[in-house]
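Survey of secondary and tertiary structure
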Amino acid sequence: MSDASQMSDHVKGLLLTSAGVLLVVPDSLFVRLIDGDPIVTAFWRALFSGVIILAGVWFLMGANGFKAVFRTGWRGWLYICLMGSTAPGFVLAVSNTSVANVVFILASMPVFAVLFSRIFLKEPITRRMTLTIAAVLVGLGVLALGSHTQAAASWKGDLWALYVSVVFAGALTLVRQLKSVSMVPALPIAFLGTALALAPFGAPLATFAMDWPLYLAHGGFIGVSACLLALGPRYILPAEAALLILLESILAPLLVWAVLGEDPGGYPLLGGTIVIGTLIVSNMIALRRPAYP
């Protein structure tokens, strides 16, 4: 591959990943703007995003993509269940604690991914990652402390955010075990299955006539973002992708603060700075490698 072609792929990866991150930034804001039952919000989020991803996968891969996922056996189905549970998990997290707490806790996902890789894939943990894990745990401790003092924060929502972070990390570990198969077609199965499972526990049609633009935009942003984040990181270094994805943790609480006036508070900002700062330094060190994949 020529240097020009390699550079072109790298730029394409940066643009796709950046666009995917920017589209996921309003996720928390949509949950705040939709004044309704969190289960109903999670239903429409899962339904619309699942339909959009399904259309994209069908257009690009056809039925073969789904057949490949089904051939992965129990690991594929476990991945589907884990990813499906993140939709209501995220909505319940944002509905029960501050947006800053949620996104800063979700930023700890790489730490859990490293731990799972050690446990299930027998991969060694480097000294860099050991120090990263220790610092991130300190940051999470500060966030937990703030949940007892901030009016907008609650340990219930923090636990849901921690659940989503751990589950995402588990799903990433499964993807690494199944790296010969694209698991993107599993996402619409996961999200549409979640919508089907949530339907009996709420009244999704009761508020649809009034809030359908928000429901549609919410699911649309998430669906397109998921597709872009599945494509972009293939062309850039993992550390580059991680740094770009961290932008969501910084921009999301600022957006909610600007639109709704939700002040993150001192403890979330301190804990978030520790978490985000640690991961930025760790990934910058990881980037001291060849410039392109």
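Numbering of residues starts from 1 in every chain and runs along the sequence as written. Per-residue local features of the predicted model are confined to residues with pLDDT of at least 70, and side-chain atom pairs are confined, for both listing and counting, to 80 or more; whole-chain, interface and lining totals are unaffected and use all residues. The side-chain values count all of the structure's non-hydrogen atoms but skip hydrogen atoms and water molecules.

**Here we look at the packing of aromatic side chains**
So the rule is basically this: What counts as a ring pair is set by centres within 6.5 Å for rings of Phe, Tyr and Trp (its six-membered ring), and what kind of pair is set by the plane angle: stacked under 30 degrees, edge-to-face over 60, tilted for all other angles. Here the term buried applies to any residue with accessible area under 20% of the maximum for its type, exposed to any over 50%, and partly exposed to those in between, with areas from a 1.4 Å probe on protein chains only. Any Lys NZ or Arg CZ that is within 6 Å of a ring centre and within 35 degrees of that ring's normal is treated as a charge sitting over the ring.
All chains considered together, the criterion is met by nine aromatic pairs. Seen from their ring centres, Trp 58 and Phe 66 are 6.1 Å apart, and the 35 degrees between their planes marks the pair as tilted. Classification of Trp 58 as exposed rests on a relative accessible area of 52%. Overall, the relative accessible area of 9% leaves Phe 66 in the buried class. Members of the aromatic cluster, joined through ring pairs, are Phe 43, Trp 44, Phe 48, Phe 208 and Tyr 215. Across the ring face of Tyr 235, the terminal group of Lys 12 is positioned such that the distance to the ring centre comes to 4.5 Å.

**A look at the nonpolar core**
Within soluble globular proteins, side chains that are nonpolar generally end up buried alongside one another. For clarity, the threshold we go by: The criterion is simple. A nonpolar core is a set of buried Ala, Val, Leu, Ile, Met, Phe, Trp, Tyr and Cys residues joined through side-chain atoms within 4.5 Å. Numbered from the N terminus, helices here are DSSP runs of H or I no shorter than four residues, and strands are runs of E no shorter than two. For this analysis, residues touch if any pair of their heavy atoms sits within 4.5 Å.
Residues Tyr 79, Val 102 and Leu 187 are the most contacted members of the largest nonpolar core, which totals 60 residues. The greatest single-element share of this core, amounting to nine residues, is contributed by helix H5 (residues 74-96). Setting aside chain neighbours within four positions, we find Leu 187 in contact with Ile 53, Tyr 79, Met 83 and Ala 226. Among the nonpolar cores identified, the runner-up in size contains five residues, and Met 109, Phe 112, Phe 116 and Ala 169 belong to it.

**Overview of the confidence of the model for the chain**
The line we're drawing: pLDDT expresses, on a scale from 0 to 100, how confident the predictor is about each individual residue.
Overall, the prediction assigns the chain a mean pLDDT of 86, with 92% of residues at 70 or greater. Confidence, expressed as mean pLDDT per element, reaches its minimum in the chain at helix H1 (residues 3-24) with 80 and its maximum at helix H10 (residues 186-198) with 96.

**What about helix H4 (residues 63-70)?**
Here is the rule we go by: It is the directions from the helix axis to the C-beta atoms whose arc is reported.
Here H4 has its buried residues at Gly 65, Phe 66, Ala 68 and Val 69. Seen along its axis, H4 keeps its buried residues to an arc of 160 degrees; they face one direction. Considering only its buried residues, H4 is in contact with helix H3 (38-61), H5 and H10.

**Here's the deal with the packing of helix H8 (residues 127-146) against helix H13 (residues 266-286)**
The cut-off we apply is this: Orientation is described by axes fitted as lines to C-alpha atoms, over the contacting stretch for helices, and by angles from 0 to 180 degrees between their N-to-C directions. Roughly parallel here means an angle under 35 degrees, roughly antiparallel means over 145, roughly perpendicular means 65 to 115, and every remaining angle is called oblique. Left-handed describes a crossing whose near helix is turned anticlockwise from the far helix by less than a right angle; the clockwise case is right-handed. Gly is placed with the polar residues, together with every amino acid not listed as nonpolar (Ala, Val, Leu, Ile, Met, Phe, Trp, Tyr, Cys and Pro) or charged (Asp, Glu, Lys and Arg).
Taken N-terminus to C-terminus, the directions of H8 and H13 make an angle of 165 degrees; their axes are 7 Å apart at the nearest point. When the axis of H8 is compared with that of H13, the two are roughly antiparallel. Like other packed secondary-structure pairs, H8 and H13 cross with a definite hand, here left-handed. A per-class count over the contact of H8 with H13 returns 16 nonpolar, eight polar and one charged.

**What about the environment of Pro 200?**
Tracing the backbone shows Pro 200 in the loop between H10 and helix H11 (208-231). In sequence terms Pro 200 and Ile 39 are 161 residues apart; their C-alpha atoms lie 9.9 Å from each other.

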